[in-house]
Amino acid sequence: MKQKFALVKTTFAVLMGLFAVLLLVPSCTTDDKVPDLSDEGTNDWIYKIMTDYYLWNEDVPDKGNLNFSQSPDKFFESLLSDQDGVKYEDGWLTFSWIEKKKEETKSVTASDSYGFEFASYKKGNYYYAWVLYVLPGSPAAEAGLKRGDWIIAVGSETPNVTNTSAFYSGSETTFLLADVERKGNEVAFNERETISIAASRAVEDTPFLKDSVYTINGRKIGYLVYNSFTSGPNDEGEEYDNRMKQIFAQFKAKNVSEFVLDLRYNQGGLVTCAQLMTSLLAPADALGKTFCIMEHNEKQSKSNETLLLKKNAELGNANLDLKRIYVLTGSVTASASEAVINCLIPYMTRSNITIIGGKTIGKRVGGNTFGMKEEYGWLLHPITLRIYNARHEADYANGFEPDVKIEELAIGNELLPFGDTNEMLLSEALSRIAGLKSQPARAEGEGRILLVPSSLERKQTKGLIFESGK
């Protein structure tokens, strides 16, 4: 039996500082008129969903070998195939997942946050937060928190955080910031200043963290930090899709001919957003051709579908007609992010897609959400399909290996602002575009911190999530 991944590790643990936002997509429904809401009745519903829609439904055990009196989350886990997920560090990262429906009665809800993403380092009994980015308009931004800051205490002048939830959300408080010093495997924090931060609140988790244009040796280079494949707030509406078109129209107006796409913290999202992104980046002669092929299990083969790259007119004539691209990745880059890379390969070739940073997760599958319209107290997110590129290829089960490996999150590294031309991943891409010598290799060392998705706490990664419901 595979060892399920646990966030508790011997020395280091990494979390994401914003609560994951459930992507609201049309629910998959069943024919229950008056559902039995007991555990047994709920598990009957789960079993029907999994035997009908689960990609590996042939691996679901027979009813006689299952315990229908278990809690629904344990029952769901008992149905999962050994093919569901990937090896991740010392454990197994499962892609299908289940969650209880959210209650709206809490004073601080899961949508509330201070508005920053972080990696955490555990020293003794205490956690320390390394800020990866700050969302605009958030309490963290108003307090002056910046990418690269270390928070060593919340509401105190001495280290005191034993549960990383203190970094996520809470009432008005203070953060004690520090500078970090590393000597070999020893890490010391030197107090710097205390800042006040307002109470957590609902913060727009915009996917657009930075866009820039650089001119190097006469070449116009576009740069975009894109953090999730989402069409709008909570994946309702098309505000973010429209914003993406506007940003690319600006790139085109500035004659951008080279491109750096920063997906280092992007765990995925909607396939339609990946389709749009790929259409904006691809060579012009690829438009209207196959973006991806989606295949379900035998029971649902009628739902197999091919999505096409959009025509330039649908893009507001913002297609950049790129012949090559540089993609910045990290250890949480997954799913829709990987689909963009894979689906560009038939039109650019792999040799013209330079991957810089960390190895991606290797999620070649997608799923649907079930239970949003039913009365059951659970939402199911099983894997329901495989996704291939136009050549019917998906050869990244172990993730995409970077062409240039750079461990960003090693203690002692400096996390410069996104868009800073000296920032370690971006500077590598710009150097290669300009034909300059590659930057010196960064040693991994024993003090590195490995970024792990916050969603790993419930054994899932965000995306690919599909808009088609059953």
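Our subject is the structure that appears above.
An account of the accompanying structure is given in this report. (Residues numbered from 1 in each chain as written. Predicted model: local features only at pLDDT ≥ 70, side-chain atom pairs only at ≥ 80, totals over all residues. Heavy atoms only, no water.)

**Some details on the overall build of the protein chain**
Phase 1 of the analysis: Looking only at helices and strands, the protein chain features eight helices and 21 strands.
Phase 2 of the analysis: Within the protein chain, the fraction of its 470 residues that count as buried is 56%.
Phase 3 of the analysis: Within the protein chain, contacts between residues at least 6 apart in sequence are counted, and of these 73% link residues at least 24 apart.
Phase 4 of the analysis: Per element, the accessible surface of the protein chain, about 19,700 Å² overall, is 45% carbon and sulfur. (Helix = DSSP H or I, 4+ residues; strand = E, 2+ residues; numbered from the N terminus. Buried < 20%, exposed > 50% of the residue type's maximum accessible area, 1.4 Å probe, protein only. Contact = heavy atoms within 4.5 Å. Areas by Shrake-Rupley, 256 points an atom, 1.4 Å probe, with all protein chains shown as cover.)

**Section: the pattern of salt bridges**
Any two side chains of opposite charge can pair, on the condition that their charged atoms come close.
Phase 1 of the analysis: Applying the stated rule across the entire model yields 17 salt bridges.
Phase 2 of the analysis: Across the pair D321 and K323 runs a salt bridge, and its minimum N-O distance is 2.8 Å.
Phase 3 of the analysis: Residue D321 is classed as partly exposed on the basis of its relative accessible area of 35%.
Phase 4 of the analysis: What makes K323 exposed here is its relative accessible area of 52%.
Phase 5 of the analysis: In this structure, D403 engages R350 in a salt bridge whose closest nitrogen and oxygen atoms are separated by 3.1 Å. Taken together, the residues span a long stretch of sequence, with D403 in the loop between strand 20 (383-388) and strand 21 (404-405) and R350 in the loop between helix 7 (336-348) and strand 17 (353-357) at a distance of 53 residues.
Phase 6 of the analysis: Sharing partners across several salt bridges, the network here consists of R147, D262, R264, E408 and E423. (Salt bridge = Lys/Arg side-chain N within 4 Å of Asp/Glu carboxyl O.)

**Brief notes about the side chain of N319**
Phase 1 of the analysis: Mapped onto the fold, N319 is located in the loop between strand 15 (305-308) and strand 16 (325-329).
Phase 2 of the analysis: A polar side-chain atom of N319 sits 2.8 Å from the main-chain carbonyl oxygen of S279.
Phase 3 of the analysis: Setting aside anything within four residues of it in sequence, one finds N319 in contact with K252, S279, L280, L281, A282, P283, A284, L287 and N312. (Polar contact = N/O pair within 3.5 Å; in protein donor to acceptor, adjacent residues only side chain to side chain.)

**Considerations on the environment of R182**
Phase 1 of the analysis: Relative to the helices and strands, R182 is located in strand 8 (residues 173-183).
Phase 2 of the analysis: Considering only alpha carbons, one finds R182 and N413, 231 residues apart in sequence, at a separation of 9.8 Å.
Phase 3 of the analysis: Here I411 takes part through its backbone oxygen, which lies 2.9 Å from a polar atom of the side chain of R182.

**Focus: the pairing of strand 12 (residues 219-226)**
Phase 1 of the analysis: Judged by how many residues are buried, strand 12 sits mostly within the fold: six of eight residues are covered.
Phase 2 of the analysis: Note that strand 11 (residues 208-216) and strand 12 share eight bridges and pair antiparallel. Opposite Y214, over in strand 12, you have I221 as the bridge partner.
Phase 3 of the analysis: Hairpin connection of strand 11 to strand 12: two residues between the antiparallel strands, including N217 at a positive phi of 55 degrees.
Phase 4 of the analysis: Pairing analysis gives five bridges linking strand 12 to strand 13 (residues 258-262), with the strands arranged parallel. (Pairing = 2+ DSSP bridges.)

**Considerations on the nonpolar core**
Phase 1 of the analysis: One finds L224, Y226, F248, F259, L261, M277 and L281 to be the most contacted residues of the largest nonpolar core, which totals 52 residues.
Phase 2 of the analysis: At eight residues, helix 7 tops the list of elements feeding residues into this core.
Phase 3 of the analysis: If near-sequence neighbours (up to four positions away) are discounted, L261 is found in contact with L224, Y226, M277, L281, I325, Y326, V327, L328 and V340.
Phase 4 of the analysis: Grouped together as the second largest cluster of nonpolar side chains are 37 residues, Y121, L135, Y326 and I406 included. (Core = buried A, V, L, I, M, F, W, Y, C linked by side-chain atoms within 4.5 Å.)

**Details of a negative patch on the surface**
Phase 1 of the analysis: On the surface, D36, D39, E40 and D44 cluster together into a negatively charged patch.
Phase 2 of the analysis: Here E40 shows up in helix 1 (residues 39-53). (Patch = residues over 30% accessible without salt bridge, like charges linked within 9 Å, V, L, I, M, F, W, Y side chains within 5 Å. Lys, Arg positive; Asp, Glu negative; His and termini not counted. Charge placed at Lys NZ, Arg CZ, Asp CG, Glu CD.)

**Some details on the environment of T194**
Phase 1 of the analysis: Mapping T194 onto the fold places it in strand 9 (residues 186-197).
Phase 2 of the analysis: Given the relative accessible area of 35%, T194 is considered partly exposed.
Phase 3 of the analysis: As for T194 and S156, which are separated by 38 residues in sequence, their C-alpha atoms are 9.0 Å apart.
Phase 4 of the analysis: Those residues in contact with T194, other than ones at most four positions away along the chain, are E157, T174, F175 and L176.

**As for the pairing of strand 17**
Phase 1 of the analysis: By the criterion of burial, strand 17 is predominantly enclosed, with five of the five residues buried.
Phase 2 of the analysis: For the crossover from strand 16 across helix 7 to strand 17, the handedness is right-handed.
Phase 3 of the analysis: Across two bridges, the pairing between strand 17 and strand 21 is parallel. The residue of strand 21 that forms the bridge with G357 is K405. (Right-handed = clockwise from strand over helix to strand, strands pointing away.)

**Some details on helix 7**
Phase 1 of the analysis: When the terminal C-alpha atoms of helix 7 are compared, their 18 Å separation across 13 residues agrees well with the 18 Å that a helix rising 1.5 Å per residue should span.
Phase 2 of the analysis: Across the 13 residues of helix 7, 12 count as buried, placing the element largely inside the fold.
Phase 3 of the analysis: Inspection of helix 7 places A336, S337, E338, A339, V340, I341, N342, C343, L344, I345, P346 and M348 among the buried residues, and these make up the whole buried set.
Phase 4 of the analysis: The inward-facing, buried residues of helix 7 abut strand 13, helix 6 (271-281), strand 14 (290-295), strand 16, strand 17 and strand 20.
Phase 5 of the analysis: Just past helix 7, the residue T349 takes up positive phi, approximately 75 degrees. (Expected span 1.5 Å × (residues − 1).)

**Some words on unusual backbone geometry**
Phase 1 of the analysis: If you check the backbone angles, N255 has positive phi at about 60 degrees while not being a glycine.
Phase 2 of the analysis: Among the structural elements, N255 can be located in the loop between helix 5 (239-253) and strand 13.
Phase 3 of the analysis: Given the relative accessible area of 57%, N255 is considered exposed.

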